[in-house]
There are 2 protein chains.
Amino acid sequence: MSRNDLASSACAVARSIEKVGDTWSLMLMREFFLGTRRFEALHRNTRISPHVLSGRLKAMCAEGIIEKRQYSEHPPRDEYLLTEKGRDLWPVVMALMTWGEKWLDGPEAVALRHKACLQEMRPTLVCPECGEPVTARDVAAHVTEEFAGERCTGSDKG
Amino acid sequence: MSRNDLASSACAVARSIEKVGDTWSLMLMREFFLGTRRFEALHRNTRISPHVLSGRLKAMCAEGIIEKRQYSEHPPRDEYLLTEKGRDLWPVVMALMTWGEKWLDGPEAVALRHKACLQEMRPTLVCPECGEPVTARDVAAHVTEEFAGERCTGSDKG
DNA sequence: TTGACTCCCTTCAAATACGGAAGCTAGCCT
DNA sequence: AGGCTAGCTTCCGTATTTGAAGGGAGTCAA
């Protein structure tokens, strides 16, 4: 199966992966959350080759994750800004950061401060119903009957 | 830059991306969290080609995200189980699921129940200091001075 | 003991994507 | 006029992925 076929999956995870589940899209999301907006800066900070960078930016614009905006008319200069859809990917980047800090050696180069309470912190996952922290072990996941056995075949049932 | 260079990045997000930031590793993580353990089932449910699947499973074993265990001696049959390191990737998959359900059309094929309170829910991110829900807008992120300007160059400063 | 079947992969050829360097356009600056 | 910057595009060789096929080790049923 090719990546593109994931778009029609019955599973939201697969559909998301099709949109942003690749190395360079994820690197770009990190960079956007750090505030980078311009082509050259994205290129420098991520080391993505201009060719691939150009392609990813176009795809992410088409997808509505970022939008291109001219910030100077003379000379004409563009920047890329996260849309609300794009900002909603923040938990993905946070999750990767938290995992990397726990399990992969290396420095913690980014500080996060909650604007409301002014504490430095790492966001954690909780159950919104009872407020308790949750991990994989605390939650039972199951494919609903309607979709049993068709993880990747949202449209083409057999 | 090639993907492998991300491993030495000063940024935990980049280091994580190098390990699990690709389509098929993420698809496999989803599948493991749904309880799939065997080569053939992983192949069927994700439609990853056997070649790539084999490679990813080896890499993930080497990385300590999953481990191979023989569940039958006659015939010799193996299964792949998440390690604690692997289970800790659950928030990444949850984040992708939540985003996909909100922003990408398609069904919600997976139910999640918090074992402690028995409610169906989607985990949410909160600030562990004050308990309030957090989004990208609520948190100020900045690269610590020590690492300013070297997002991807943890080891080779210039 | 033969033939069919399952599981867990491996091998191979063709298609695709990527990396790195170079180039190109538009405009500014001196 | 010459050089500089930003924001890309083009090119080409290499690396990765896909999809199909194959293979080995074992079970099972006749």
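For every chain, the first residue of the written sequence is number 1, and numbering continues from 1 onward in sequence order. Both sets of labels track the order of writing: A upward for chains, 1 upward for ligands. Where local features are concerned, this predicted model is filtered to residues with pLDDT of at least 70; where side-chain atom pairs are given and counted, the filter is 80 or more; whole-chain, interface and lining totals use all residues. Side-chain descriptors were evaluated using all non-hydrogen atoms of the structure, hydrogens and water having been removed beforehand.

## Quick word on the relation of the copies chain A and chain B
Each of the two copies of the chain can be brought onto the other by a rotation about an axis and a shift along it. Where we set the bar: The copies are overlaid by a least-squares fit using only the C-alpha atoms of residues whose pLDDT is at least 70 in both copies. Residues are treated as being in contact if the distance between any of their heavy atoms lies within 4.5 Å.
For the pair chain A and chain B, the best superposition has an RMSD of 0.0 Å and corresponds to a rotation of 180 degrees with a translation of 0.0 Å parallel to the axis. Taken together, the rotation and translation describe the operation of a two-fold axis. Taken together, the interface assignments show that 100% of the residues at the interface of chain A recur at the interface of chain B, consistent with an identical surface on both copies.

## What to know about the state of the cysteines
Let me state the cut-off plainly: When the sulfur atoms of two cysteines come within 2.5 Å, that pair is taken as a disulfide.
Per the counting criterion, the structure on display carries zero disulfides over all chains. Looking at the unpaired A:Cys117, the closest cysteine sulfur is the one in B:Cys127, lying at 3.8 Å.

## What to know about the protein's contact with DNA strand C
The test is simple: The rule for a residue being near a molecule or strand is that one of its heavy atoms must lie within 4 Å of it. Whenever two N or O atoms come within 3.5 Å, that pair is a polar contact, provided that in protein one can donate a hydrogen and the other can accept it, and provided that, for residues adjacent in sequence, both atoms are side-chain atoms. The way it works is that DSSP assigns letters per residue, a run of H or I at least four long becomes a helix, a run of E at least two long becomes a strand, and they are numbered from the N terminus.
Close contacts around DNA strand C come from 21 residues, with A:His74, B:Met1, B:Ser54, B:Arg77 and B:Tyr80 the closest. B:Lys58 is positioned such that a nitrogen or oxygen atom in its side chain is 3.2 Å from a phosphate oxygen of DNA strand C. Between DNA strand C and B:Asp78, the relevant distance is 3.0 Å, taken from a phosphate oxygen to a main-chain nitrogen or oxygen of the residue. At the level of secondary structure, the elements contributing two or more residues to the surface near DNA strand C comprise helix 4 (50-63) of chain A together with helix 3 (39-46), helix 4 (50-63), strand 1 (66-72) and strand 2 (77-82) of chain B.

## Remarks on the protein's contact with DNA strand D
In the vicinity of DNA strand D, 21 residues are found, and the nearest of them are A:Met1, A:Ser54, A:Arg77, A:Asp78 and A:Tyr80. The share of sugar and phosphate among atoms of DNA strand D within 4 Å of the protein is 71%. A:Asp78 has a polar backbone atom sitting 2.9 Å from a phosphate oxygen of DNA strand D. The set of elements that each furnish at least two residues to the surface near DNA strand D consists of helix 3 (39-46), helix 4, strand 1 (66-72) and strand 2 (77-82) of chain A together with helix 4 of chain B. The dominant element in the surface near DNA strand D, judged by the number of residues it contributes, is helix 4 of chain A, at four residues.

## Some points on the interface of chain A and chain B
Where interface size is quoted, it is often the accessible area lost as the parts come together. Threshold: Summed over both partners, the accessible surface that disappears when two parts come together, traced with a 1.4 Å probe, is what is meant by buried area. The working definition used for a salt bridge is a side-chain nitrogen of Lys or Arg within 4 Å of a carboxyl oxygen of Asp or Glu.
Contacts between the two partners involve 91 residues from chain A and, on the opposite side, 91 residues from chain B. Between chain A and chain B the total buried area reaches about 8,200 Å² when both faces are included, carbon and sulfur atoms providing 69% of it. Scanning the region where chain A abuts chain B turns up four salt bridges. The interface formed by chain A and chain B contains 27 residue pairs in polar contact (both at pLDDT 80 or more).

## A short note on unusual backbone geometry
All names here are of chain A. Filter applied, for reference: Only protein chains enter the accessibility calculation, which uses a 1.4 Å probe; a residue is then buried when its area is under 20% of its type maximum, exposed when over 50%, and partly exposed in between.
Located in the positive-phi region is arginine 47, a residue other than glycine, with phi close to 65 degrees. One can find arginine 47 in the loop between helix 3 and helix 4. Judged by relative accessible area, which is 35%, arginine 47 ranks as partly exposed. One non-glycine residue, leucine 118, lies in the positive phi region at around 65 degrees.

## Digging into the side chain of A:Asp22
Residues and elements named next belong to chain A. One can find aspartate 22 in the loop between helix 1 (12-20) and helix 2 (23-33). Residue class for aspartate 22 comes out buried when judged on its relative accessible area of 10%. One polar contact links aspartate 22 to arginine 56, side chain to side chain, over a distance of 2.9 Å.

## A word on the confidence of the model for chain A
What counts, and what does not: Every residue is assigned a pLDDT by the predictor, reflecting its confidence on a scale from 0 to 100.
Residue-level pLDDT values for chain A average 89, and 91% of them are 70 or greater. Considering only residues more than four positions removed or in separate chains, one finds that residues 153-158 of chain A, a stretch of pLDDT under 50, has seven contacts.

## Considerations on the pairing of strand 2 of chain A
Residue and element names in this part refer to chain A. Note the cut-off: By this definition, two strands are paired if DSSP reports at least two bridges between them.
Taken together, the six bridges between strand 1 and strand 2 define a ladder with antiparallel strand orientation. Opposite glutamate 67, over in strand 2, you have leucine 81 as the bridge partner. Linking strand 1 to strand 2, which pair antiparallel, is a turn of four residues.

## Topic: the nonpolar core
Spelled out, the test is: Side-chain atoms within 4.5 Å are what join buried Ala, Val, Leu, Ile, Met, Phe, Trp, Tyr and Cys residues into a set we call a nonpolar core.
Core analysis: the largest hydrophobic core is formed by 84 residues, its most contacted members being A:Met29, A:Phe32, B:Met29 and B:Phe32. B:Met29 has contacts with B:Met60, B:Ile65, B:Leu82, B:Gly86, B:Leu89 and B:Val93, leaving out every residue within four places of it along the chain.

## Some remarks on the environment of A:Arg15
All names here are of chain A. For arginine 15, the location among the structural elements is in helix 1. Each C-alpha atom, one on arginine 15 and one on aspartate 5, is 9.0 Å from the other, the two residues being 10 residues apart in sequence. Among the polar contacts made by the side chain of arginine 15, one reaches the main-chain carbonyl oxygen of alanine 10 at a distance of 3.4 Å.

## A look at the packing of aromatic side chains
Using the following cut-off: Stacked, edge-to-face and tilted are the three classes for Phe, Tyr and Trp ring pairs, Trp counted by its six-membered ring, which pair at centre distances within 6.5 Å; planes under 30 degrees apart are stacked, over 60 edge-to-face, the rest tilted. Put simply, a charge is over a ring when the Lys NZ or the Arg CZ is close to the ring centre, within 6 Å, and near the line of the ring normal, within 35 degrees.
Evaluated as defined, the whole model comprises zero aromatic pairs over all chains. Seen from the ring of A:Tyr71, A:Arg38 lies directly overhead, with NZ or CZ sitting 3.9 Å from the centre.

## Describing the pattern of salt bridges
Per the counting criterion, the structure on display carries 26 salt bridges over all chains. With its nearest N and O atoms 2.9 Å apart, the salt bridge here joins A:Arg56 to A:Asp22. You can see A:Arg56 sitting in helix 4 and its partner A:Asp22 sitting in the loop between helix 1 and helix 2, a full 34 residues away along the chain. Owing to a relative accessible area of 25%, A:Arg56 belongs among the partly exposed residues under this scheme. For the salt bridge of B:Asp88 with A:Lys102, the shortest nitrogen-to-oxygen distance reads 2.7 Å. Note that B:Asp88 is positioned in the loop between helix 5 (84-87) and helix 6 (90-103) and A:Lys102 in helix 6 (residues 90-103), a pairing that runs across two chains. Judged by relative accessible area, B:Asp88 falls into the partly exposed class, the value being 24%. Looking at A:Lys102, the relative accessible area reads 52%, which means it is exposed. One connected set of salt bridges, linked through shared partners, spans A:Glu18, A:Lys19, A:Glu63 and A:Lys85.

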